Amino acid sequence: MAAAARVMGAAGALYHANTLASSFLLKPFSITHKAIRLNRNLNAAPRRLFACRAVYKPEVQIKEEGQPETLDYRVFLVDQSGRKVSPWHDVPLHLGDGVFNFIVEIPKESSAKMEVATDEPHTPIKQDTKKGKLRYYPYNINWNYGLLPQTWEDPSLANPEVEGAFGDNDPVDVVEIGERTGKIGEVLKVKPLAALAMIDEGELDWKIVAISLDDPKASLLNDIDDVEKHFPGTLTAIKDWFRDYKIPDGKPPNKFGLGNKAANKDYALKVITETNESWVKLVKRNIPAGELSLA
């Protein structure tokens, strides 16, 4: 009930930021809930993003427990009082002006498969396992990789634009293409530039391509065409990396929807809005949570 209690109003609260300040101060207000429907029309009026109110100023710190590359290693986020907070549920998604919070799970040029433990209290970041063994990618990932907080890919929702694939039951993934190597658990401000509709063993697993605002080239990138102009070959490299990384384990390559191409910024924003709406349903328990932790 902890996450549900943090959602303001009947459906959640809207965070509105008139300017992007150095702090993350947000201004919530209640709205009336209406049935949430997937809007596939990019020309429709922009839809509002919902958020929880748990962390108005997410000046969080990273707290490690255990030793890296062990089964009990966890990376928690704690607030200024030392209280553990959830990187998935408690860090606000939207900062205004097309800027979002992004949480690093896997720093660039590393191979340990770190991810938010969606079934553990406070959803810390841990190294994924398979059959009791720690998982590694077969080669380093070349970009910072992580999640958008307060998003969820609903496994009961089929996407008619992506071969009817159902969500993968996780937060939305981000591939951050800036030059700096992030830290596990670090919260970065990013702006989305493109989206890739990866289909992993039949499940839809969105990859939002974004750049950190502190990157020297951030001001030059505002949409998908700018990525190719200033980071030539990067979109193809990202698609190829995620297509092929399971092949060394004897699995087939992953597929991509939307004509096997990256979608533009507007489409990426649509994906973020829709998966944020799904997260609101989840924490309000309008959708069964199953083993997912809402604490």
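For the structure, see preceding data.
These figures come from a predicted structure and were not determined experimentally. (Residues numbered from 1 in each chain as written. Predicted model: local features only at pLDDT ≥ 70, side-chain atom pairs only at ≥ 80, totals over all residues. Heavy atoms only, no water.)

Q: Describe the pattern of salt bridges, and please don't skip the residues or the numbers.
A: By the definition in use, this model includes 20 salt bridges. Between Lys 113 and Asp 128 there is a salt bridge; the shortest N-O distance is 3.8 Å. In this pair, Lys 113 sits in the loop between β8 (110–112) and β9 (114–116) while Asp 128 sits in the loop between β10 (125–127) and β11 (129–130), placing the two residues 15 residues apart along the sequence. Each member of the pair, Lys 113 as well as Asp 128, carries the same accessibility label: buried. Residue Glu 201 is joined to Lys 251 by a salt bridge in which the shortest nitrogen-to-oxygen separation is 3.4 Å. Residue Glu 201 is located in the loop between β18 (187–200) and β19 (203–212), and its partner Lys 251 is located in the loop between α3 (234–244) and β20 (255–256); the two are separated by 50 residues in the primary sequence. A relative accessible area of 58% places Glu 201 in the exposed class. Because the salt bridges share partners, they merge into one network encompassing Lys 113, Glu 115, Asp 128 and Arg 135. (Salt bridge = Lys/Arg side-chain N within 4 Å of Asp/Glu carboxyl O. Helix = DSSP H or I, 4+ residues; strand = E, 2+ residues; numbered from the N terminus. Buried < 20%, exposed > 50% of the residue type's maximum accessible area, 1.4 Å probe, protein only.)

Q: Describe the environment of Val 175, and please don't skip the residues or the numbers.
A: Among the secondary structure elements, Val 175 is positioned in strand β17 (residues 173–176). For Val 175, a relative accessible area of 0% translates into the label buried. Sequence separation between Val 175 and Ile 141 is 34 residues; the distance between their C-alpha atoms is 9.8 Å. When near neighbours in sequence (up to four residues on either side) are disregarded, Val 175 contacts Trp 143, Asn 144, Tyr 145, Lys 207, Ile 208, Val 209, Ala 210, Ile 238 and Phe 242. (Contact = heavy atoms within 4.5 Å.)

Q: Describe the layout of surface pockets, listing the residues and the values that go with them.
A: Here the largest pocket is characterised by a volume of approximately 720 Å³. Among the elements of the structure, β9, β14 (144–147) and β19 are those that each provide at least two residues to the lining of the largest pocket. Classifying every residue of the lining of the largest pocket gives nine nonpolar, two polar and 18 charged. (1 Å grid on protein atoms, 1.4 Å probe; cavity = no way out; pocket = protein on both sides within 12 Å on 5 of 7 lines; lining within 4 Å. Points joined across faces, edges and corners; volume = space filled by probe spheres on them. Nonpolar A, V, L, I, M, F, W, Y, C, P; charged D, E, K, R; others polar.)

Structural measurements only, silent on function.
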